[in-house]
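The primary structure of each chain is shown beneath.
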Amino acid sequence: SSSGSLAGRHVLITSGPTHEPIDPVRYIANRSSGKQGHAIAAAAIAAGARVTLVSGPVALGAPAGATTVQVQTAEEMLNAVRAALPADVAIFCAAVADWRAASPADEKIKKTGDGEKPQLELVENPDILKTIAHMKTGRPNLIVGFAAETENVIAFATRKRRNKGADWTVANDVSTHTGVMGGDRNRVHLITETGVDSWPEMSKREVAETLIARISALLHDKARR
Ligand code: C5P
């Protein structure tokens with residue numbers, strides 16, 4: 001059996017973007033490299049956890065030792081998350097598209113030549129984090145959300161923690177000047193029920209390791225009480 005601070009625990013992680021088809025060649029997506037989510041999966045494996053990584057389309061390899069489920073759309077991601085439960089800890093790192101095309105076209109949408117623009121009707125995607133956080137039975141003991149903001153980072157992320165029903169929110173400033181998106185470094189604030197912890201800038205790998213260490217500490221603390 002595995003050893004480590006998360007031995008015997010199942011950690012479920014979403015990572016990457018989702019792709020919502022408009023037609024066979026076009027899609028709606030958010031910018032997301034998957035680097036932070038994949039790093040968290042690697043850190044959880046290193047801590048001895050059983051890890052399920054539900055990932056949207058990314059250019060990264062699957063972390064060794066994780067069960068990786070590849071999905072395209074938000075609906076597929078929600079289904080894969082449900083199928084992976086129960087989990088002790090769920091960390092929602094994916095940049096899920098908020099909307100999808102109401103009825104994706106079966107064939108490539110063609111330009112008409114007379115300048116007429118296609119009308120794209122959107123419908124809202126399910127909020128995966130919110131759905132899982134509000135489960136009446138089988139809710140993971142600890143649910144961690146991410147909040148990518150470009151202004152009022154802590155205020156917006158604090159509100160998001162409450163609105164979504166997450167236990168913790170990891171807030172990061174992704175304004176263009178920070179280079180966080182697609183980059184290897186991150187500066188985050190961990191928002192819990194009791195307050196805000198602002199961590200120094202570090203690599204995404206170090207953010208992952210620090211987060212996993214905090215989670216291990218919480219679970220061990222809970223077990224002792
Ligand atoms: O509302 P916003 O997209 O900023 O919330 C970010 C958090 O919610 C992230 O943890 C993200 O993975 C999660 N989320 C989700 N499903 C959605 C939208 C966001 O799980 N449809």
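This section reports on the structure supplied with the text. (Residues numbered from 1 in each chain as written. Predicted model: local features only at pLDDT ≥ 70, side-chain atom pairs only at ≥ 80, totals over all residues. Heavy atoms only, no water.)

Describing the pairing of strand β9 (residues 142-149)
Counted residue by residue, β9 has 7 buried out of 8 residues, so it is predominantly covered. Where strand β6 (residues 89-92) lies against β9, 4 bridges are found, and the strand directions are parallel. For Ala90, the partnering residue across the bridge sits in β9 and is Ile143. Crossover β9 to strand β10 (residues 168-173) through helix α4 (residues 153-164) is right-handed. (Buried < 20%, exposed > 50% of the residue type's maximum accessible area, 1.4 Å probe, protein only. Helix = DSSP H or I, 4+ residues; strand = E, 2+ residues; numbered from the N terminus. Pairing = 2+ DSSP bridges. Right-handed = clockwise from strand over helix to strand, strands pointing away.)

Observations concerning the side chain of Glu20
Mapped onto the secondary structure, Glu20 falls in strand β2 (residues 20-23). The side chain of Glu20 sits in the buried core without any salt bridge; Arg100 is the nearest counter-charge, 5.7 Å away. At a separation of 3.2 Å, a polar atom in the side chain of Glu20 contacts the side chain of Asn125. For Glu20, the residues in contact, after removing those within four places along its chain, are Arg26, Tyr27, Ile28, Thr73, Ala74, Ala97, Trp99, Arg100 and Asn125. (Lys, Arg positive; Asp, Glu negative; His and termini not counted. Salt bridge = Lys/Arg side-chain N within 4 Å of Asp/Glu carboxyl O. Polar contact = N/O pair within 3.5 Å; in protein donor to acceptor, adjacent residues only side chain to side chain. Contact = heavy atoms within 4.5 Å.)

Observations regarding the site of the ligand
Near the ligand the following residues occur: Phe92, Ala94, Val96, Pro126, Asp127, Ile128, Leu129, Gly145, Phe146, Lys160 and Lys164. One of the backbone nitrogen or oxygen atoms of Pro126 is found 2.8 Å away from a nitrogen atom of the ligand. The separation between an oxygen atom of the ligand and a polar side-chain atom of Lys160 is 2.5 Å. Listing elements by their share of the shell around the ligand, those giving two or more residues are α3 (128-133), β9 and α4. Class assignment for the residues of the shell around the ligand results in 7 nonpolar, 1 polar and 3 charged. (Near = heavy atom within 4 Å. Nonpolar A, V, L, I, M, F, W, Y, C, P; charged D, E, K, R; others polar.)

Things to note about the pattern of salt bridges
Tallied over the full model, the rule gives 9 salt bridges. Across the pair Lys164 and Asp127 runs a salt bridge whose closest N-O atoms are separated by 2.7 Å. With Lys164 in helix α4 and Asp127 in the loop between β8 (122-124) and α3, the pair connects residues that are 37 residues apart, well separated along the chain. Two residues, Asp197 and Arg214, come together in a salt bridge whose shortest N-O distance is 2.6 Å. Of this pair, Asp197 sits in strand β13 (residues 196-198) while Arg214 sits in helix α5 (residues 204-224), placing them 17 residues apart in sequence.

So, a nonpolar patch on the surface
Taken together, Trp99, Leu120 and Leu122 make up a surface patch of nonpolar side chains, about 310 Å² in accessible area. Considering the arrangement of structural elements, one finds Trp99 in strand β7 (residues 99-101). In this structure Trp99 comes out as partly exposed when scored by relative accessible area, which is 47%. (Patch = residues over 30% accessible without salt bridge, like charges linked within 9 Å, V, L, I, M, F, W, Y side chains within 5 Å. Areas by Shrake-Rupley, 256 points an atom, 1.4 Å probe, with all protein chains shown as cover.)

Re the sheet that holds strand β1 (residues 10-15)
The sheet built from 8 strands is open, its strands ordered β5-β4-β1-β6-β9-β10-β12-β13 with mixed pairing. In this open sheet, the two strands that pair with only one neighbour each are β5 (67-70) and β13. Strand-to-strand, the axes of this sheet are offset by a mean angle of 15 degrees, without reference to chain direction. Its contacts with the sheet put helix α1 (residues 35-46) on β1, β4 (50-55), β6 and β9, and the angle it makes with β4 is roughly 170 degrees. Docked against the sheet, α4 engages β9, β10, β12 (188-191) and β13, running at close to 150 degrees with respect to β10. (Axes fitted to C-alpha atoms, helices over the stretch in contact; angles between N-to-C directions.)

What to know about the nonpolar core
Ranked by size, the top nonpolar core spans 31 residues in total, and within it Val11, Ile40, Ile91, Leu211, Ile212 and Ile215 carry the most contacts. Mapped by element, the contributors of at least two residues to this core are β1, α1, β4, β6, β9, β10, β12 and α5. For this core, the element with the highest residue contribution is α5, accounting for 6 residues. Among residues more than four places away in sequence, those in contact with Val11 are Leu6, Ala44, Ala49, Arg50, Val51, Thr52, Val89 and Ile91. Val71, Ala80, Ala87 and Ile143 belong to the second largest nonpolar core, which has 19 residues in total. (Core = buried A, V, L, I, M, F, W, Y, C linked by side-chain atoms within 4.5 Å.)

Some thoughts on the packing of aromatic side chains
Enumeration according to the criterion identifies 0 aromatic pairs in this entry. Positioned above the aromatic ring of Trp168, the side-chain terminus of Arg214 is 5.7 Å from the ring centre. (Phe/Tyr/Trp six-rings, centres within 6.5 Å; stacked < 30°, edge-to-face > 60°. Lys NZ or Arg CZ within 6 Å of the ring centre and 35° of its normal.)

What about the environment of Ala47?
Inspection of the secondary structure puts Ala47 in the loop between α1 and β4. Sequence separation between Ala47 and Leu6 is 41 residues; the distance between their C-alpha atoms is 5.3 Å. The residues touching Ala47, leaving out its near neighbours within four places in the chain, are Ser3, Gly4, Ser5, Leu6, Ala7 and Ile212.

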